Amino acid sequence: MKIRSSVTGMLAALTVVGATVSCMKSGSPVGHTGFAGAMAKLLGGDSSLPKVQYVPDMADAPTMKPQENYIEPPEDAVSMSAVLYPKTVEEAEANLKNPLQSDPQVLALGEKMYNTYCIPCHGAAAKGDGSITDLYPRPPDITADIYKKRADGFFFYRITFGANIMPGYGHATAPHERWAIVHYVRKLQGESK
Ligand code: HEC
């Protein structure tokens, strides 16, 4: 750029003058061919030499936009702590197995989680009669036969990502808590008349 090079030129000229003056003072014959002179040349005082950037790391660093990762992970890279989910509910139903065995402890956890996250809409017995359903669209009875026939992976996926107007609870619950909810829903299905 024009302005920049003329500023650099001025600085270089000043450096040369400074170097020459100090050389004259000390009586040394080095003149502007000494270190300062070389720097002045390199910084643009002599247009016949290639320009050198001094400590260019900031100017050359990749720019980063707000909310952007400094280094993009390579394609298909996966975080070591990532939990990978199937892309569709059908895939989840076909492939995911409940890693937990149903036992009193797991059922107690499932009941606690269900009564925290599901009960306002689905109701205590999962019949779709939760306390907010006078204001909020009533969910289906998930103890009905069509839901008894669905595999565990279906429920896990629905709890994680939601279903149409039902919000997902993947952000609020750990995977093992969701699997515990699935066991608890199975228990409610077994008790349903
Ligand atoms: C804010 C209310 C609300 C909450 C909380 C809620 N649900 Fe739902 N749920 C719904 C509604 C409404 C539907 C019907 C969604 C639709 O098909 O539009 C539904 C549907 C479902 C279905 C059937 C999905 C399908 O594809 O047929 C399942 C299973 C289910 N919910 C389980 C749960 C579980 C387990 C929880 C607790 C983790 C939960 N829901 C929390 C409102 C809720």
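None of these values were measured; they are calculated from a predicted model.

Reading guide: rules and limits
- Residues numbered from 1 in each chain as written.
- Predicted model: local features only at pLDDT ≥ 70, side-chain atom pairs only at ≥ 80, totals over all residues.
- Helix = DSSP H or I, 4+ residues; strand = E, 2+ residues; numbered from the N terminus.
- Buried ≥ 20, exposed ≤ 12 C-beta atoms within 10 Å, placed from the backbone.
- Contact = placed C-beta atoms within 7 Å.
- Near = placed C-beta within 6 Å.
- Nonpolar A, V, L, I, M, F, W, Y, C, P; charged D, E, K, R; others polar.
- pLDDT = per-residue confidence, 0-100.
- Core = buried A, V, L, I, M, F, W, Y, C linked by C-beta atoms within 7 Å.
- Axes fitted to C-alpha atoms, helices over the stretch in contact; angles between N-to-C directions.
- Parallel < 35°, antiparallel > 145°, perpendicular 65-115°, else oblique.
- Left-handed = near helix turned anticlockwise from the far one by under 90°.
- Expected span 1.5 Å × (residues − 1).

Before going further, it helps to spend a moment on the overall build of the protein chain. Looking only at helices and strands, one finds nine helices and zero strands in the protein chain. The order of helices and strands in the protein chain, counted from the N terminus, is α-α-α-α-α-α-α-α-α. Taking all 193 residues of the protein chain together, the buried fraction comes to 19%. Restricting the contact set of the protein chain to residue pairs at least 6 apart, pairs at least 24 apart contribute 58%.

Within the span of helix 8 (residues 152-161), buried status applies to Gly153, Phe155, Phe156, Tyr157, Arg158 and Ile159. Close packing links the buried residues of helix 8 with helix 4 (89-95) and helix 9 (175-191). Following helix 8 by one or two positions, Gly162 adopts a phi angle in the positive range, close to 85°.

Further remarks concern the site of the ligand. The immediate surroundings of the ligand are formed by 21 residues, with Cys118, Cys121, Pro139, Asn164 and Met166 found nearest. Mapped by element, the contributors of at least two residues to the shell around the ligand are helix 6 (119-122), helix 8 and helix 9. Across the shell around the ligand, the residue classes break down as 18 nonpolar, two polar and one charged.

Turning our eyes to something else, we now look at the confidence of the model for the protein chain. For the protein chain, the mean per-residue pLDDT works out to 81, and 77% of the residues sit at or above 70. Considering each helix and strand of the protein chain separately, the mean pLDDT is smallest for helix 1 (residues 2-26), with a value of 44, and largest for helix 5 (residues 104-117), with 98.

What follows concerns the nonpolar core. In terms of nonpolar packing, the biggest core is built from 20 residues, with Phe156, Ala180, Ile181, Val182, Tyr184 and Val185 touching the most fellow members. Taken together, the elements giving at least two residues each to this core come down to helix 5, helix 8 and helix 9. It is helix 9 that contributes the most residues to this core, seven residues altogether. If we skip the residues at most four places from it in the chain, Phe156 touches Ala92, Leu96, Arg178, Trp179 and Val182.

Moving on to unusual backbone geometry. Positive phi, close to 65°, is recorded for Asp76, a residue that is not glycine. For Asp76, the position within the fold is in the loop between helix 3 (57-60) and helix 4.

Axes are the key here: two packed helices are described by the angle between their axes and the distance separating the axes. Packing of helix 8 against helix 9 brings their axes to within 9 Å, and their N-to-C directions diverge by 125°. In this view, helix 8 runs oblique relative to helix 9, as classed from their interaxial angle. Handedness of the helix 8/helix 9 crossing: right-handed. Across the interface between the two elements, Asp152, Phe155, Phe156, Ile159 and Thr160 of helix 8 pack against Arg178, Trp179, Ile181, Val182 and Val185 of helix 9.

The next thing to look at is helix 9. If you check helix 9, its first and last C-alpha atoms are 25 Å apart, about what 17 residues at 1.5 Å a residue would give, namely 24 Å. Every buried residue of helix 9 is listed here: Glu177, Arg178, Trp179, Ala180, Ile181, Val182, His183, Tyr184, Val185 and Leu188. Against helix 5 and helix 8 lie the buried residues of helix 9.

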